[in-house]
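Summary of the model geometry
This is what each chain is made of:
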Amino acid sequence: MQGWKIGKVFGITIEIHFTWLIIFGLILSVVTQEIGQTAPDASRASLWATAIITTLLFFVCLVLHELAHSVMANRLGAGVSRITLFVFGGVSQLKNEPDSPASEFKVAIVGPLTSIILAGLFYAIYLGLNGLGVSSVWVLAANWVARINLALAIFNMLPGFPLDGGRVLRSILWSAWNSLDRATRVAANVGQAFGYILVGLGFLMIISGNWGGLWPVALGWLLASAAAGSYQRVQLQQALGDVYVHDLMSSPVRTIPAQVTLAQAAYDHFMAARFTAFAVEQEGAIVGMIRMEQFQPIPRERWEHTTVAEVMEPLDPETMLVNSDKMAVDAMMQMAEHDLGRLLVTDHSGNIIGIISSSDVRRLVRVKSGLGM
Ligand SMILES: [Zn+2]
């Protein structure tokens, strides 16, 4: 997931995914409405000022929650380098899965603990402001930030993987059973179950005429699919071990000029090199990919008159590129998510330096399991 970089704290880059703007708008509208109702005599300008500051405070609290995870993970050697805030909250991108139940527990629990401490802090501020007789909009704002932090802590402590509470559950099961795989499977099943329960509750709300039920439906659906996805990822990660994209890529990328015909491409490139896919090059830049299967819908007699550029898949940097320093498991998840068999590999400057295919990754899994490694 790519986002806009907004800053760097403790060596950790903080990014906002564009979907976060949706939640920003939503919170802003809820806050203005709520504060407006309780303080109807407040001026429009002070109402908006309070709402914007409250929303920004919530944003800071969310970043602090994620930073707590990341700083703890880095202290335990997991190597978090980036936090991305997206529509349903934040994700800290851990390079490795935690190596022991104890470190998993510590990394997971600090997030909700931070939110609870922040809730207490803002509640104290609320009481203080109330006692001082400050303008009622600020009193409400402090109360609102306290409540939203508490809600964040409670939601994240639901014991379903990959939520924080699910990670806590997994660490406990992992230490009890001594099997990461079994612990992940159970915690992910609980995560899926909670997801479906939320979806069900949301539908009940919608049926009874409350459109606010769309939120539990969306959250539940996301949780259920994230739980299923994380389990697949953990299984694959275990099978692969610490293998990176640069370990498995083929380099350099074999290319076909965009203007050659399919007939030339078939004989001079596909048959000659016995490759099933090529990058397509135009004026020195890679502009797409062409696979064997893309020839099939074109009748053979038209191969002389159709160029590679006409049938190739144009380059989509969001889905078709992967950095060479990413873990092989992440490249696999990216291919599965976008239904691709191959990704182009880039270096730090964004130059395309290789290609990785899902069959390369699967072959390694087969060899490893065949050798019992
Ligand atoms: Zn968290």
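Computed from a prediction, not measured in an experiment: that's the story for all the values here.

1. Brief notes about unusual backbone geometry
With an omega of 10 degrees, the peptide bond between F161 and P162 qualifies as cis. For P162, the location among the structural elements is in the loop between α4 (136-156) and α5 (164-177). The step from S251 to P252 runs through a cis peptide bond, and the omega angle for that step is -5 degrees. Along the chain, P252 falls in the loop between α8 (245-248) and β5 (255-257). Its identity as a non-glycine residue notwithstanding, N178 has a phi of 65 degrees, on the positive side. Phi angles above zero are rare outside glycine, and R274 is one such case at about 50 degrees. Looking at the element boundaries, R274 is found in the loop between α9 (262-273) and β6 (277-282). The class for R274 is exposed, based on a relative accessible area of 71%.

2. As for the coordination of the zinc ion
In the first shell of the zinc ion, the protein supplies H65 (NE2), H69 (NE2), D164 (OD) and D164 (OD), at 2.0 to 2.7 Å from the metal. Geometry at the zinc ion is irregular, judged from its four donor atoms and the angles of 53 to 151 degrees they form at the metal. Taken in chain order, the donor set of the zinc ion reads H-x3-H-x94-D. Of this pair, H69 sits in helix α2 (residues 44-75) while D164 sits in helix α5, and the two are 95 residues apart along the sequence. Each member of the pair, H69 as well as D164, carries the same accessibility label: buried.

3. Section: the environment of A124
Following the sequence through the fold, A124 ends up in helix α3 (residues 101-132). Residues A124 and A142, spaced 18 residues apart in sequence, show a C-alpha to C-alpha distance of 8.8 Å.

4. Examining the packing of aromatic side chains
All chains considered together, the criterion is met by six aromatic pairs. Arranged with centres 5.2 Å apart and planes meeting at 75 degrees, the rings of F295 and W303 form a pair that is edge-to-face. For W303, a relative accessible area of 12% gives the class buried. Among the aromatic residues, those joined into a cluster by ring pairs are F270, F275, F278, F295 and W303. Of note, R182 hangs over the ring of W177, and the distance from its end group to the ring centre comes to 3.9 Å.

5. Description of the sheet that holds strand β10 (residues 342-346)
The three strands are arranged β9-β10-β11 in an open sheet whose pairing can be described as mixed. This sheet does not close on itself; its edge strands, each paired only once, are β9 (321-323) and β11 (352-357). The average angle at which neighbouring strand axes cross in this sheet is 40 degrees, direction not considered. Here five bridges tie β10 to β11, and the two strands are oriented antiparallel to one another. Paired with L344 across the bridge in β11 is I355.

6. Here we look at the pairing of strand β7 (residues 285-291)
Bridging between β6 and β7 involves six bridges; their strand directions are antiparallel. Each residue of the ladder has a partner; that of E281, found in β7, is I286. Between β6 and β7, which pair antiparallel in sequence order, lie two residues; one of them, E283, sits at a positive phi of approximately 50 degrees. Here two bridges tie β7 to strand β8 (residues 313-314), and the two strands are oriented antiparallel to one another. Bridge pairing in β8 places M289 opposite E313.

7. Concerning helix α6 (residues 180-207)
In a regular helix each residue adds 1.5 Å, so 28 residues correspond to 40 Å; α6 covers 40 Å between its end C-alpha atoms and thus fits that length. Where α6 is concerned, the buried positions are L180, A183, T184, A187, A188, G191, G195, L198, V199, G202 and I206.

8. Digging into the pattern of salt bridges
Considering all chains together, one arrives at six salt bridges under this definition. Taking the shortest distance from any N to any O, the salt bridge between E104 and R167 comes out at 3.3 Å. Here E104 is found in helix α3, whereas its partner R167 is found in helix α5, with 63 residues between them in sequence. Pair check on accessibility: E104 and R167 agree, each one buried. For R363, the salt bridge is made with D360, and the minimal N-O distance between the two is 3.7 Å. Here D360 and R363 lie together in helix α13 (residues 358-370), a separation of three residues that amounts to about one turn. Take R363: its relative accessible area is 43%, and that puts it in the partly exposed class. Each member of the salt-bridge network shares a partner with another, and the members are E104, R167 and R170.

Parameters at a glance
Residues numbered from 1 in each chain as written. Predicted model: local features only at pLDDT ≥ 70, side-chain atom pairs only at ≥ 80, totals over all residues. Heavy atoms only, no water. Helix = DSSP H or I, 4+ residues; strand = E, 2+ residues; numbered from the N terminus. Buried < 20%, exposed > 50% of the residue type's maximum accessible area, 1.4 Å probe, protein only. Donors = N, O, S within 2.8 Å, 3.2 Å for Na, K, Ca; no water. Tetrahedral: all angles 85-135°; square planar, octahedral: opposite > 155°, others 65-115°. Phe/Tyr/Trp six-rings, centres within 6.5 Å; stacked < 30°, edge-to-face > 60°. Lys NZ or Arg CZ within 6 Å of the ring centre and 35° of its normal. Pairing = 2+ DSSP bridges. Axes fitted to C-alpha atoms, helices over the stretch in contact; angles between N-to-C directions. Expected span 1.5 Å × (residues − 1). Salt bridge = Lys/Arg side-chain N within 4 Å of Asp/Glu carboxyl O.

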